[in-house]
Amino acid sequence: MTDQETLGYDFETAEPRWQAAWERIRAFAAEDHPAADKPKYYVLEMFPYPSGQLHMGHVRNYALGDVVARYKRARGFSVLHPMGWDAFGLPAENAARERGVHPGQWTLDNIASMRVTLQRLGFSLDWDREIATCLPEYYGHQQKLFLDMLRKGLVERRESSVNWDPVDNTVLANEQVVDGRGWRSGALIEKKRLSQWFLKITDFAEPLLEGLDTLDRWPARVRTMQERWIGRSEGARIRFPLHAPPEGFDVDRDSVEVFTTRPDTLFGMSFVAIAADHPLAAKVAQDNAAARDFIEECQRLGTSEEAIEAAEKRGCDTGLRVVNPFAPDETVPVWIANFVLMEYGTGAVFGCPCGDQRDLDFARKYALPVRPVILPPGEQIGSFAIGRTAVTGEGTLINSGFLDGLDTAEGKRKAIERLEGMGVGRGVVNWRLRDWGISRQRYWGCPIPVIHCAQCGAVPVPDDQLPVRLPEDVTFDRPGNPLDHHPHWKHVTCPQCGAAAQRETDTFDTFVDSSWYFARFTAPHAAGPIDPVAANSWLPVDQYIGGIEHAILHLLYARFFTRAMHETGHLDVDEPFAGLFTQGMITHESYRDESGWLAPEDVTRSGDGYVRRDNGQPVQLGRSEKMSKSKRNTVAPTAIIERFGADTARWFVLSDSPPERDMEWTEAGVSASARFGQRLYRLVQAVSAQVPRDASFGEGGRSLRQATHRTIVAVTEALENFTPNVAVARLHELSAALGEAEKSDEPGMGAARREAALALALLVAPMMPHLAEEMVALLEPEGALVVERSWPEALPEFLTRDSVTMGVQIMGKLRGTIEVPPDAPSDIVLPLAEAEPNVARMLEGKRIVKRIHVPNRIVNFVVAG
RNA sequence: GCGAACUUGGCGGAAUGGUAGACGCACGAGACUUAAAAUCUCGAGUCCGCAAGGGCGUAUGGGUUCGAGUCCCAUAGUUCGCACCA
């Protein structure tokens, strides 16, 4: 016997039936422009990468978005809720190399099967607006956007470093570098300089930072993370001339410019450190074998900041010395250090061991001098010494010549003033944010629409030749970029002079694809990239929903791109996402035995533990963690839909955990959700069978009506607050009240039950839309579809309470409760509280010092003696 | 390493600074049943107590407050991000 044969509600036939009914009336098609008589609401979930199978994380993400979309539609908004595919990327190329499938075919097949799953889940999506970034109908417009930015001066070409695998002769992504080695070849990777395209996001550093203040419906932590990422800091650039330069070096030409946020500590400088890829380091390395080896070693760390920062702090003395402008008699050594980043500031820092922990560690390691220049508050100048801990806070400057006695802020000001007066430095604002390198040496991405000509340089592909299409006939039988190997694709003539020229064979970073898709959704069939009228009327996205892992890069790139599209005349908005919600992961227990990880369907509960289904042998239970293929602790949405139906899957992912937190997937939880759906159906069946449609309310049923209308308020509030788990709890309570009412023969209870049943149906609809339709069809067979109905309204007369229960505390500890009328004044409440038997007993022999009464909430007696 | 966050019964979690543990899961007892499943009813943080009631309790240690899960400081553990995964 299958699960559903024992059940009353047959989701297997009902779900497709209602999906067809919605389709028939095109219930989810958005207007080209939001209807004039309705407020607009654009709800968007981060579109998926078509990896092959929809996973539970997607179900949670899209179920959340669908709750918002359906709720807002019921509240009378003109809703835009589209879906598409982030379809370019490395996994398709990996599949091509590993299995010989063409990346395009692999991707389109994946899209086809994932679309079916999304549709079976019954999401209220406007499928007419579907886009896939790997199709020329999408990426051609992206090429146009890029060229517009190029013409506007927002694009630059310059050199930067990549991870190079010398065995596979290919560029590796950071995630393909494992412990400094290529993931396939195992070769030690090297840094390699390549000419690449950059989008000048740093031009927008200030507005991107300031714009964060306007995003009041973003999680504070995401705003903080972006703020830190952009990293505005005030400080100084200081130029140190070389002291007694060796042969071939020049005092000024080879001087070192540093950026510092602590110019006040310049008197404590004991070394200067430069990045391994600093030009001066390269120059030193020409005839310094030790430096050469050290630089080579640094390059093996790869390009990821994480690897560089986590590595042991090491350095190599170049033998050069520079002069401290504040102490011209002193010179300090110049070191190459593996913790200095070329990308930040000037690629060089001065080391003040007193004021910076990293500098102090470095100085101790290489026996460099440590001069105390900051006196922390409460320390005495005579006894203060620096041990293993630097003074990273503020203090009073000491041993610092003209800065002596000043505090940190004043010291910075004076130091900069003096540096500027001497002409060796100036106060500057520095940003941590770096320009966005968008060139990728890969096939499965959007071609960069540029032609390289020996005479004319980098020439944009003329607009009328767009899109530059990816060639289909490519091979993956050798490493490197197939576009580069292709027999004729890159060989073209220069659009300007007609001479033989070469196409750019790099493609865009896939983050470019996802930086404007929300705008394309507003007019997905427009002839140009963006229809400004549609974009300006639908944007910004009112509610954007996705994973916290995108808190920085994707969201920052999209914010930048929107500003860049504004500047190139494609739209008039600056911030793409007015509201942001970041949802947590789905986790599951993991199981293993000596043969390795086991899938949930291979194990079963037995007593206190788990055993294998096939041989009954006990299984070790691992902790609950993110569903992943490697741990085999995944649960396929398709399997759940088949066994329990879409509504159960949706209900479960929404029910237990607050959506921003991780949620644990459990078998018991899913079946509980299925049971609740059946319970609702039975309750409504009973009402439909027992209560005539024209039953009148009369005097009875007030308590059920109160429960109904309070639930309407509570569920509405929960959905507005993005806490569907709380809505679920309140709906459980209303269903319990409705079940209880079946036993009552109060006159008027029938009508109250009908009212409760209909409210239940409408309130669960955003979460379980198919079941809701079924429930309403039982109650009102000729009535409108739920998707055409508006959200229920609570009647105020049922929201008032007859009495409230208040806690009574003594010294903040609960000693009893009292029943009082709502909003009862202190002269009624306090005597009642004091008279409560247990309270009275505890108050005996004590003197009440203070009586605290918070109406409807609490009474607290402070006592003495 | 740096940045950001999270931590409440056996489990998921609820709680405008005001009765901690709503709601659900798992568990136990009972009803229905030839039996099981399903369904329904009741119970339950923990310790002491026959009970009434009391002690303790929201990761750990401190602080602010009449009152702290909630605010502040420190510590621990876990998670996310670190610019070529998406």
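Computed from a predicted structure; not experimentally measured.

Turning our eyes to something else, we now look at the overall build of chain A. The secondary structure content of chain A amounts to 26 helices and 38 strands. C-alpha atoms of chain A, sized along the principal axes, occupy 105 × 85 × 65 Å. A burial count over chain A gives 53% of its 865 residues as buried. The contacts in chain A between residues at least 6 apart in sequence include a share of 72% that link residues at least 24 apart. Of the roughly 38300 Å² of accessible surface on chain A, a fraction of 49% belongs to carbon and sulfur atoms. If the 95 positive side-chain charges of chain A are averaged to one point and the 120 negative ones to another, these points end up 2 Å apart.

Moving on, we get to the sheet that holds strand β9 (residues 190–199). Pairing within the open sheet is antiparallel, and its four strands lie in the order β6-β5-β9-β20. Both outer strands of the open sheet, β6 (170–172) and β20 (436–437), are each paired with one neighbouring strand and no more.

With antiparallel pairing, the four strands of this open sheet are ordered in space as β23-β22-β25-β24. Lying at the two open borders of the sheet, with one neighbouring strand each, are β23 (457–460) and β24 (491–493). Sheet twist, expressed as the average angle between the axes of neighbouring strands with direction ignored, equals 40°.

All right, on to the pattern of salt bridges then. This structure, assessed with the given rule, holds 49 salt bridges. A salt bridge links Arg314 to Glu297, with the shortest nitrogen-to-oxygen separation between them at 2.2 Å. Taken together, the residues span a long stretch of sequence, with Arg314 in the loop between α10 (305–310) and β14 (315–324) and Glu297 in helix α9 (residues 289–299) at a distance of 17 residues. Where Arg730 meets Glu733, a salt bridge forms, and the shortest distance between an N and an O atom there is 2.8 Å. Here Arg730 pairs with Glu733, and both are found in helix α22 (residues 724–741), just three residues apart, close to one helical turn. Residue classification places Arg730 among the partly exposed positions, given a relative accessible area of 28%.

By the assigned domains, chain A splits into domain 1 (31–139 + 511–583), domain 2 (155–199), domain 3 (232–431), domain 4 (461–507), domain 5 (666–798) and domain 6 (804–864). Domain 2 and domain 5 are separated by 59 Å when their C-alpha centres are compared.

Turning our attention to the nonpolar core. Phe146, Tyr517, Phe518, Phe561 and Trp665 are the most contacted members of the largest nonpolar core, which has 176 residues in total. In contact with Phe561, other than residues within four places in its own chain, are Leu145, Met149, Leu199, Trp436, Val512, Ser515 and Trp516. In this structure, Phe267, Cys316, Ile398 and Leu419 belong to the second largest nonpolar core, which totals 47 residues.

Moving on: helix α5 (residues 136–151). Between its terminal C-alpha atoms α5 stretches 22 Å, which fits the 22 Å expected from 16 residues at 1.5 Å a residue. Counted residue by residue, α5 has 12 buried out of 16 residues, so it is predominantly covered. Where α5 is concerned, the buried positions are Pro136, Tyr138, Tyr139, Gly140, His141, Gln142, Gln143, Leu145, Phe146, Leu147, Asp148 and Met149. Looking one or two places after α5, you find Gly153, whose phi comes out positive at around 80°.

Let us now look at the protein's contact with RNA strand B. Around RNA strand B sit 70 residues in total, of which Arg228, Arg442, Arg675, Arg679 and Arg857 are the nearest. Taking all atoms of RNA strand B within 4 Å of the protein, the share assigned to sugar and phosphate is 65%. Within the side chain of Arg221, an N or O atom sits 3.4 Å from a sugar or linking oxygen of RNA strand B. Among the elements that take part in the surface near RNA strand B, α22 stands out by supplying six residues, more than any other. Residues belonging to the surface near RNA strand B are distributed by class as follows: 24 nonpolar, 21 polar and 25 charged.

Right, let's talk about the UniProt feature "short sequence motif: 'HIGH' region" (unreviewed entry) in chain A for a bit. If you check UniProt for "short sequence motif: 'HIGH' region" (unreviewed entry), the listed places come out as residues 48–58 in our numbering. Across residues 48–58, helical content stands at 27% and strand content at 0%; the span's end C-alpha atoms are separated by 8 Å.

Quick look at the pairing of β9 now. Pairing of strand β5 (residues 155–165) with β9, which is carried by 10 bridges, proceeds in the antiparallel orientation. The partner of Val162 across the bridge, within β9, is Lys192. Pairing analysis gives two bridges linking β9 to β20, with the strands arranged antiparallel. The residue bridging Leu199 from the neighbouring strand is Trp436, located in β20.

In the UniProt entry, the feature "domain: Aminoacyl-tRNA synthetase class Ia" (unreviewed entry) is given for residues 433–590 and 625–665. In the segment residues 433–590, helix accounts for 22% and strand for 22%; the C-alpha atoms at its two ends are 39 Å apart.

With that settled, the discussion passes to the confidence of the model for chain A. Per-residue confidence for chain A gives a mean pLDDT of 91, with 98% of residues at or over 70. Mean pLDDT across the secondary structure elements of chain A bottoms out at strand β31 (residues 603–606), with 70, and peaks at helix α15 (residues 517–520), with 98. Note that residues 1–7 has pLDDT below 50 and, in this model, seven contacts with residues that lie over four places away or in other chains.

Another point: the state of the cysteines. This model, assessed by the stated rule, comprises zero disulfides. With no disulfide of its own, Cys446 has Cys134 as its nearest cysteine by sulfur position, at a separation of 11 Å. Here Cys494 stays free of any disulfide, with the sulfur of Cys453 as its closest cysteine sulfur at 3.7 Å. You can call Cys494 buried: its relative accessible area is 3%.

Turning to the environment of Ala784, a few remarks are in order. Positionally, Ala784 belongs in the loop between α24 (769–779) and β35 (804–810). Using a relative accessible area of 38% as the deciding quantity, one classes Ala784 as partly exposed. Separated by 387 residues in the primary sequence, Ala784 and Leu397 have C-alpha atoms spaced 77 Å apart.

The angle between the axes and the distance between the axes are what describe a pair of packed helices. It is at 10 Å that the axes of α22 and helix α23 (residues 749–764) come closest, and there the two elements cross at 155°. Viewed along their axes, α22 and α23 adopt a mutual orientation that is roughly antiparallel. Read as a crossing pair, α22 and α23 show a hand that is left-handed. Side by side, α22 and α23 meet where Leu731, Leu734, Ser735, Leu738 and Ala741 of the first sit next to Met749, Arg753, Ala756, Ala757, Leu760, Leu763 and Val764 of the second. Across the contact of α22 with α23, the residue classes tally to 10 nonpolar, one polar and one charged.

Moving on: the packing of aromatic side chains. Scanning the entire structure with this criterion turns up 36 aromatic pairs. Pairing Phe204 with Phe560 gives two aromatic rings, centres 5.4 Å apart and planes at 70°, and the pair type is edge-to-face. In this pair, Phe204 is assigned in the loop between β9 and α6 (205–211) and Phe560 in helix α17 (residues 553–567), connecting sequence segments 356 residues apart. Take Phe204 and Phe560: they sit in the same class, and that class is buried. Centroid distance Trp651 to Phe676: 5.3 Å. Interplanar angle 20°. Geometry classified as stacked. Here Phe676 lies in helix α20 (residues 667–690) and Trp651 lies in helix α19 (residues 646–655), a separation of 25 residues in the sequence.

Further remarks concern the environment of Ala409. Here Ala409 shows up in helix α12 (residues 408–422). Judged by its relative accessible area of 41%, Ala409 is partly exposed.

The next thing to look at is the side chain of Glu836. Topologically, Glu836 is positioned in the loop between α25 (826–835) and α26 (837–843). Nearest to the buried, unbridged Glu836 among oppositely charged side chains is Arg841, at 8.2 Å. In contact with Glu836, not counting residues within four places along its chain, are Arg815, Gly816, Thr817 and Ile818.

Conventions used here
Here the residue numbering is sequential within each chain, running from 1 through the sequence in written order. Whichever chain is written first is A, and whichever ligand is written first is 1; the rest continue in order. Owing to the predicted nature of the model, reporting of local features is limited to residues with pLDDT of at least 70; listing and counting of side-chain atom pairs is limited to 80 or more, with chain, interface and lining totals taken over all residues. Side-chain numbers here rest on the full set of heavy atoms in the structure, without hydrogens or water. By the criteria applied, helices consist of DSSP H or I runs no shorter than four residues and strands consist of E runs no shorter than two, each listed in order from the N terminus. Buried, partly exposed and exposed residues are distinguished by accessible area as a fraction of the type maximum, computed with a 1.4 Å probe on protein chains only: under 20%, between the cut-offs, and over 50%, respectively. Whether two residues touch is decided by their heavy atoms; if any such pair falls within 4.5 Å, the residues are in contact. Accessible surface is estimated by sampling points in the Shrake-Rupley manner with a 1.4 Å probe; for residues, cover comes only from the protein chains shown. Charged residues are defined here as Lys and Arg on the positive side and Asp and Glu on the negative side; His and the ends of the chain fall outside this count. Here the site of a charge means atom NZ of a Lys, CZ of an Arg, CG of an Asp or CD of a Glu. Note: two strands are recorded as paired if DSSP finds a minimum of 2 bridges between them. Whenever a helix is involved, its axis is fitted only over the stretch in contact; in every case the axis is a line through C-alpha atoms, and angles between N-to-C directions fall within 0 to 180 degrees. What makes a salt bridge here is a side-chain nitrogen of Lys or Arg within 4 Å of a carboxyl oxygen of Asp or Glu, nothing more. These domain limits were set by an automatic method or by a database of domain assignments. Nonpolar cores are built from buried Ala, Val, Leu, Ile, Met, Phe, Trp, Tyr and Cys residues. Side-chain atoms within 4.5 Å join them into one set. What a helix is expected to span follows from its residue count: subtract one and scale by 1.5 Å. We call a residue near a molecule or strand as soon as one heavy atom of that residue lies within 4 Å of the molecule or strand. Identification of polar contacts relies on pairs of N or O atoms within 3.5 Å, with a donor-acceptor requirement for protein atoms, meaning one able to donate a hydrogen and the other able to accept it, and with residues adjacent in sequence counted only if both atoms are side-chain atoms. Charged residues are taken to be Asp, Glu, Lys and Arg, nonpolar residues to be Ala, Val, Leu, Ile, Met, Phe, Trp, Tyr, Cys and Pro, and polar residues to be all remaining types, Gly included. UniProt positions are given in the numbering used here, feature names are shortened, and annotations may be inferred rather than shown by experiment. Across the chain, each position has a pLDDT score giving the predictor's confidence in that residue, from 0 to 100. We call a pair of cysteine sulfur atoms a disulfide when they lie within 2.5 Å. Convention used here: angles under 35 degrees read as roughly parallel, angles over 145 as roughly antiparallel, angles from 65 to 115 as roughly perpendicular, and any remaining angle as oblique. Left-handed describes a crossing whose near helix is turned anticlockwise from the far helix through less than a right angle; right-handed describes the clockwise counterpart. Planes of paired rings set the category: under 30 degrees apart is stacked, over 60 is edge-to-face and the rest tilted, where pairs are Phe, Tyr or Trp rings (Trp by its six-membered ring) whose centres lie within 6.5 Å.

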